[in-house]
Amino acid sequence: MALLHRAEIRPSKLALLAAWLPGRQWYSGPADGEPALVAAYRFDDPAGEVGIETILVRVDAGPVHQVPLTYRDAPLAGADEWLVGTTRHSVLGPRWVYDACGDPVYAAALATAILTGTGQAQEYFETDGVREIREPSMTVAATGSPVAPVVGGLRQVRDGDPTHIGTDTVDLVVARRLPGDGSVGGLPDDGPAVATLTGRWPGQSTPMPLARVLPR
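Residues numbered from 1 in each chain as written. Predicted model: local features only at pLDDT ≥ 70, side-chain atom pairs only at ≥ 80, totals over all residues. Heavy atoms only, no water.

### Let's talk about the overall build of the chain
Basically, it comes down to this: For helices the rule is a DSSP run of H or I covering at least 4 residues; for strands it is a run of E covering at least 2, with both sets numbered from the N terminus onward. Summary of the burial criterion: residues with accessible area below 20% of their type's maximum are buried, those above 50% are exposed, and those between are partly exposed, where the area comes from a 1.4 Å probe applied to protein chains only. Here, two residues are considered to be in contact whenever any of their heavy atoms come within 4.5 Å of each other. Residue burial considers only the protein chains on display, and all accessible areas are found by Shrake-Rupley using a 1.4 Å probe.
For the chain, the helix and strand inventory stands at two helices and 16 strands. The buried share of the chain, taken over its 216 residues, is 46%. Here the contacts in the chain between residues at least 6 apart in sequence split such that 58% fall between residues at least 24 apart. In the structure as shown, the chain presents an accessible area of about 10400 Å², 51% of it carried by carbon and sulfur atoms.

This is the structure:
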């Protein structure tokens with residue numbers, strides 16, 4: 001489960017993405033556009049230290065972009081190229097926000113969600129000891145077995161659309177541009193996958209492939 005806080009974040013996540021997205025090779029849209037939130041989903045960090053959230057955004061009339069993010073309370077060593085920016089959370093303090101494709105905690109969470117079929121984390125607030133569940137803005141699903149994988153460290157990450165994440169034990173691909181509106185993007189049909197993560201959100205009733213685990 002993912003504990004959320006009723007907090008103020010400055011600059012906001014969307015403000016960070018407005019400055020960061022135009023520099024990505026897989027981004028399709030105006031350089032001065034304002035990203036609009038389409039939907040989002042979260043994974044759990046079993047250690048409870050790293051926030052893991054994937055945000056779907058659209059800029060103007062462009063395609064939906066999938067942006068996995070991790071939130072940390074200190075810089076991630078050796079990951080400067082994946083840094084989206086820093087922000088201040090009114091409850092948690094300074095946060096370092098990373099493109100999660102370069103974060104080993106995200107790779108482990110994504111592989112676990114896909115291969116075990118657990119999907120997204122349930123989100124909740126806690127007020128005076130009372131837990132309040134927040135309805136998700138989208139749903140994700142995966143086919144897999146109940147055996148959790150051991151992912152280990154990152155070997156190589158090839159940014160692009162899709163982004164390829166190689167770990168010690170599994171290979172992952174993550175779609176960046178989602179072709180629900182007929183635009184180019186999504187996950188190519190490049191052979192059988194071990195398992196696939198799909199998502200649905202308002203306006204996208206057909207399950208859309210978001211990420212896959214590839215066989216070795």
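### So, the sheet that holds strand β15 (residues 195-201)
Here is the rule: Two strands pair if DSSP finds at least two bridges between them. Under this scheme, a helix contributes an axis fitted over its contacting stretch, all axes are lines through C-alpha atoms, and angles between N-to-C directions fall in the 0 to 180 degree range.
One open sheet accounts for six strands, arranged β10-β15-β16-β13-β12-β11; its pairing is antiparallel. Whereas interior strands pair on both sides, the edge strands pair on one side only; in this sheet they are β10 (139-142) and β11 (154-158). Here the strands of the sheet are splayed against their neighbours by 20° on average, with no regard to which way each runs. Here β11 runs beside strand β12 (residues 163-167); their pairing, made up of four bridges, is antiparallel. Each bridged residue has a counterpart across the sheet, and for Gln156 the counterpart in β12 is Gly166.

### A short note on the packing of aromatic side chains
Stated formally: Working definition: rings of Phe, Tyr and Trp (its six-membered ring) pair if their centres are within 6.5 Å, and the pair is stacked with planes under 30 degrees apart, edge-to-face with planes over 60 apart, and tilted otherwise.
Scanning all chains against the criterion turns up three aromatic pairs. An angle of 70° between the planes, with centres 5.6 Å apart, marks the rings of Tyr41 and Phe43 as edge-to-face. Residues Tyr41 and Phe43 agree in their burial class; the two are buried.

### Some details on the nonpolar core
Formally: In these notes, a set of buried Ala, Val, Leu, Ile, Met, Phe, Trp, Tyr and Cys residues joined through side-chain atoms within 4.5 Å is what counts as a nonpolar core.
Within the largest apolar cluster, 37 residues are counted, with the highest numbers of intra-cluster contacts made by Phe43, Tyr106, Leu110, Leu197 and Leu210. Elements with a contribution of two residues or more to this core: β3 (35-43), β4 (51-59), α2 (104-116), β10, β13 (171-174), β15 and β16 (204-214). For this core, the element with the highest residue contribution is α2, accounting for eight residues. For Phe43, the contacting residues outside a window of four places in its chain are Ile52, Tyr106, Ala109, Leu110, Ala113, Gly119, Gln120, Ala121 and Leu197. Of all hydrophobic cores here, the second largest spans 15 residues; its members include Leu16, Ile55, Leu69 and Val97.

### What about the confidence of the model for the chain?
Rule in force here: Values of pLDDT, which run from 0 to 100, indicate the predictor's confidence residue by residue.
The pLDDT averaged across the chain works out to 85; a share of 83% of its residues lies at or above 70. Element-level pLDDT for the chain is lowest in strand β1 (residues 2-3), with a mean of 49, against a maximum mean of 97 in strand β5 (residues 64-72).

### Looking at the side chain of Thr116
Threshold: Definition of a polar contact: a pair of N or O atoms within 3.5 Å, with one able to donate and the other able to accept a hydrogen when the atoms are protein atoms, and with sequence-neighbouring residues admitted only if both atoms are side-chain atoms.
Assignment of secondary structure puts Thr116 in helix α2. On the basis of relative accessibility, which here comes to 14%, the residue Thr116 falls in the buried class. A distance of 2.5 Å separates the side chain of Thr116 from the backbone oxygen of Thr112, its partner in a polar contact.

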